[in-house]
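Spelled out from the first residue to the last, the chains are:
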Amino acid sequence: AFLGRISPEKGLVQAIAIAREVGLPLKVAARMPLDSCENANVRADWEYYRSVVAPLFREPGVEYIGEVTDGEKAAFLGQARALLFPIDWPEPFGLVMAEALACGTPVVARHRGSVPEVIRHGVTGFIGETDAELAVLCRDIDRIRRAACRAEAERRFSPQAMADGYEAVYRRLQHTGAEDS
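As a starting point, this report considers the structure included with it.

Analysis parameters
- Residues numbered from 1 in each chain as written.
- Predicted model: local features only at pLDDT ≥ 70, side-chain atom pairs only at ≥ 80, totals over all residues.
- Heavy atoms only, no water.
- Pairing = 2+ DSSP bridges.
- Helix = DSSP H or I, 4+ residues; strand = E, 2+ residues; numbered from the N terminus.
- Axes fitted to C-alpha atoms, helices over the stretch in contact; angles between N-to-C directions.
- Contact = heavy atoms within 4.5 Å.
- Core = buried A, V, L, I, M, F, W, Y, C linked by side-chain atoms within 4.5 Å.
- Buried < 20%, exposed > 50% of the residue type's maximum accessible area, 1.4 Å probe, protein only.
- Salt bridge = Lys/Arg side-chain N within 4 Å of Asp/Glu carboxyl O.

Description of the sheet that holds strand β1 (residues 2–5)
Logical step 1: The 3 strands lie next to each other as β1-β2-β3, forming an open sheet whose pairing is parallel. Of all the strands in the sheet, just β1 and β3 (62–64) have a single pairing partner and so form its edges. For this sheet, the mean angle separating the axes of adjacent strands, direction not counted, is 25 degrees.
Logical step 2: The pairing of β1 with strand β2 (residues 26–31) spans 4 bridges and is classified as parallel. Bridging across to β2, Arg5 finds its partner in Arg31.
Logical step 3: In this fold helix α1 (residues 12–22) packs onto β1, β2 and β3, with an angle of close to 170 degrees to the strand it touches most, β2.

As structure tokens, this is what we get:
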């Protein structure tokens, strides 16, 4: 599965190429570029969609299902063999990775931005560098235990875990602030 928005840095074209290399179909749940074409970045995303992505959606093995709602996201991710996340920019968090893990779905991602902070290589997915490397890793995706993905999401990204983490940071900052006085 691929879940994200349609723009070059999100790696949709790479995800399609990787899925083809592995011989697996790819379901794409993606938001189209924004409606406002007044912004140069939005215009570039539309051009990218029209010239590069749209032709790929007409080829076999690629199914564009459109944007999914929050209610549909769990089923989309939970039914996927893996989430392909071949981003080409320093993604600050990548919520979709945590969402996939919460559904028990492993992630195959490029080593960019927060990926190594979210994905435990060999435990909750695989991290690689090139499309060819990611394709090789996809062939081993069944080695990842879906229960381990879900457990990691609960341990690190559940509401309770997030609240506990924020409270720990606030306490640490409060304690550090008291020492500085």
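Concerning the nonpolar core
Logical step 1: In this structure, Phe57 and Val107 are the most contacted members of the largest nonpolar core, which totals 54 residues.
Logical step 2: The element that contributes the greatest number of residues to this core is helix α2 (residues 40–57), accounting for 8 residues.
Logical step 3: Leaving out residues up to four positions away in the same chain, Val107 has contacts with Leu83, Phe85, Met97, Ala100, Leu101, Ile119, Thr124, Gly125 and Phe126.

Here's the deal with the pattern of salt bridges
Logical step 1: Counted under the stated rule, the structure contains 16 salt bridges.
Logical step 2: Between Lys73 and Asp70 there is a salt bridge whose closest N-O contact spans 3.4 Å. Residue Lys73 and its partner Asp70 are located together in helix α3 (residues 70–78), separated by 3 residues, close to a single helical turn.
Logical step 3: Residue Lys73 is classed as buried on the basis of its relative accessible area of 16%.
Logical step 4: Owing to a relative accessible area of 66%, Asp70 belongs among the exposed residues under this scheme.

Shape is all these values report; function is a separate question.
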